[in-house]
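# Notes for the structure review
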Amino acid sequence: MARSLIRAAAISIALILPASVMAQGVIGGMEHGAREGDRAAGPVGAVVGGAVGAVTGGVAGVLGIDQRPRFRQYVVEQHHPSFHYREPVHVGVVLPDSGLTYYEVPAEYGAPHYRYTVVNDQTVLVDPRTHSVVEIID
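Anyway, here's the lowdown on the structure attached to this text. (Residues numbered from 1 in each chain as written. Predicted model: local features only at pLDDT ≥ 70, side-chain atom pairs only at ≥ 80, totals over all residues. Heavy atoms only, no water.)

Attention shifts here to the pairing of strand S3 (residues 122–127). Among the six residues of S3, five are classified as buried, and the element is accordingly described as predominantly covered. Bridging between strand S2 (residues 115–119) and S3 involves five bridges; their strand directions are antiparallel. Residue pairing in the sheet places Val119 in a bridge with Gln122 of S3. The antiparallel hairpin formed by S2 and S3 contains two residues in its connecting segment, where Asn120 sits at a positive phi of about 50 degrees. With five bridges connecting them, S3 and strand S4 (residues 132–137) associate as antiparallel partners. Residue pairing across strands places Leu125 opposite Glu135, the latter belonging to S4. Between S3 and S4, which pair antiparallel and follow one another directly, the connecting turn spans four residues, one of which, His131, has a positive phi of 65 degrees. (Buried < 20%, exposed > 50% of the residue type's maximum accessible area, 1.4 Å probe, protein only. Helix = DSSP H or I, 4+ residues; strand = E, 2+ residues; numbered from the N terminus. Pairing = 2+ DSSP bridges.)

Written out as structure tokens, the structure is:
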């Protein structure tokens, strides 16, 4: 029984991990779920908790559902100019190193490892090491 649960959870994780490119919250959700599952039910709980946490984190995204409207309002109040990018902007697009400004995300939003910018009138979160878009804030 335990082996089949572990196998099923491992398959779930393998199917979910590619979605991490689409929603960076997957990794944090998976880590949190694994810790909580391990504490509640040992190794099997860690695997199952990791799979469930990954799904939950993917739905929430980097900022989380409850923080998006506040962050969007914050960005609007900053009046940053929009950078014109010729291609459609979506998660995974690598933006140029120069020509646009990347701004720090205030600590209150809990995304210290990311920067934001405005591209084609859309607010986007960017991984500052790779300049890739990790989340579009609607």
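Now that the structure is up, let's keep going.
Next up on the list: the sheet that holds S3. In space, the four strands of this open sheet follow the order S1-S2-S3-S4, with antiparallel pairing throughout. At either end of the open sheet lies a strand with only one pairing partner, and these are strand S1 (103–104) and S4. Helix-sheet contacts for helix H3 (residues 68–78) involve S2, S3 and S4, and the interaxial angle to S2 is about 65 degrees. (Contact = heavy atoms within 4.5 Å. Axes fitted to C-alpha atoms, helices over the stretch in contact; angles between N-to-C directions.)

With respect to the helices, strands and loops of the structure, Gly92 is situated in the loop between H3 and S1. A relative accessible area of 34% places Gly92 in the partly exposed class. Considering only alpha carbons, one finds Gly92 and Glu135, 43 residues apart in sequence, at a separation of 8.6 Å. For Gly92, the residues in contact, after removing those within four places along its chain, are Ser132 and Val133.

The next thing to look at is the pairing of S2. Among the five residues in S2, four count as buried, and that is most of the element. Pairing between S1 and S2: two bridges, direction antiparallel. Paired with Glu104 across the strands is Arg115, a residue of S2.

This structure, assessed with the given rule, holds six aromatic pairs. Aromatic side chains Phe71 and Tyr74 sit 6.1 Å apart centroid to centroid with 25 degrees between the ring planes, which places their arrangement in the stacked category. A residue pair is termed a helical-turn pair when its members lie 3 or 4 positions apart in one helix, as Phe71 and Tyr74 do in helix H3 at three residues. Measuring from centroid to centroid gives 5.1 Å for Phe71 and Tyr109, while their planes differ by 75 degrees, and the two rings are edge-to-face. On the criterion of sequence distance, the pair formed by Phe71 in helix H3 and Tyr109 in the loop between S1 and S2 is long-range, its members being 38 residues apart. Ring pairs connect the aromatic residues Phe71, Tyr74, Tyr103, Tyr109 and Tyr116, which therefore count as one cluster. (Phe/Tyr/Trp six-rings, centres within 6.5 Å; stacked < 30°, edge-to-face > 60°.)

Function cannot be read off these values alone, since they describe shape.
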